[in-house]
Every structure is written in structure tokens, then in C-alpha cells.
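Each chain, written out:
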Amino acid sequence: MPLAITGTFNDDGSAYHVQVTGDADRPVIGSVRVAALVDLHAGESISLSPTGPLHTVAGNDEKAVLAVLRRYSNVVEESTRIKT
């Protein structure tokens, strides 16, 4: 189920609002900068929570994409969206 994420970047405070799709070809919709951030870290291992477990970042793994956003930005709000 797609996630709607709102946050700000740690480095400059710029706000973003994206949808995490779970699609490997286009994992994030709504911000070119967030999409580039996810692409930059694709293939890396990232912890899904402060104590683990580690997952490899892939566009079709919503949890790993969200973990990247949590690590490199301040996630303010996250919610699920129902497909219509």
C-alpha cells in the first residue's frame, strides 16, 4: 500500500511531500530530490530501526525507502493512502 510522506531535509530544511510507491522503476513520486536520494543509496544496507534489522535499499521495498528518508531527512508525517 503506498505511503504518503511529508518531511524536511536535514541539510537545508527544504520541505517535501512524496508518495512511496513500492515500484522498482519509480519508487518515489513528488520530489526529484527525494527520488535522487533513494537512487543514490540503492544497493546499500540500511537499518530499518535503531536496533536493526538491516535491509538492502531497493525501490520496490517501501520499508527500506522509508528508512533512507528517516536517516537523511526529518520525516514529519507518514500515512497510508488507499488506491482508488
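Refer to the structure above for everything that follows.
A. The side chain of S31, seen in detail. Among the secondary structure elements, S31 is positioned in the loop between β3 (28-29) and α1 (32-40). What makes S31 buried here is its relative accessible area of 16%. Among the polar contacts listed, one links the side chain of S31 to the backbone nitrogen of R33, at a separation of 3.4 Å.

B. How the structure looks around the sheet that holds strand β1 (residues 3-9). Here we have four strands laid out as an open sheet, ordered β3-β2-β1-β6, and antiparallel in their pairing. Of all the strands in the sheet, the pair left with one neighbour each is β3 and β6 (73-80). Taken strand by strand, helix α2 (residues 62-72) contacts β1, β2 (15-20), β3 and β6, and its axis lies near 145° from that of β6.

C. Spotlight on the environment of N10. Structurally, N10 can be placed in the loop between β1 and β2. In the structure, N10 is positioned 62 residues away from Y72 in sequence and 6.4 Å away in space, judged by C-alpha atoms. Leave out the neighbours within four places in its chain, and N10 touches R71, Y72, S73 and N74. A polar contact of 3.5 Å, which involves the side chain of N10, links it to the backbone oxygen of Y72. In terms of polar contacts, N10 uses its side chain to reach the backbone amide nitrogen of N74, at 3.4 Å.

Conventions we followed
- Residues numbered from 1 in each chain as written.
- Predicted model: local features only at pLDDT ≥ 70, side-chain atom pairs only at ≥ 80, totals over all residues.
- Heavy atoms only, no water.
- Helix = DSSP H or I, 4+ residues; strand = E, 2+ residues; numbered from the N terminus.
- Buried < 20%, exposed > 50% of the residue type's maximum accessible area, 1.4 Å probe, protein only.
- Polar contact = N/O pair within 3.5 Å; in protein donor to acceptor, adjacent residues only side chain to side chain.
- Pairing = 2+ DSSP bridges.
- Contact = heavy atoms within 4.5 Å.
- Axes fitted to C-alpha atoms, helices over the stretch in contact; angles between N-to-C directions.

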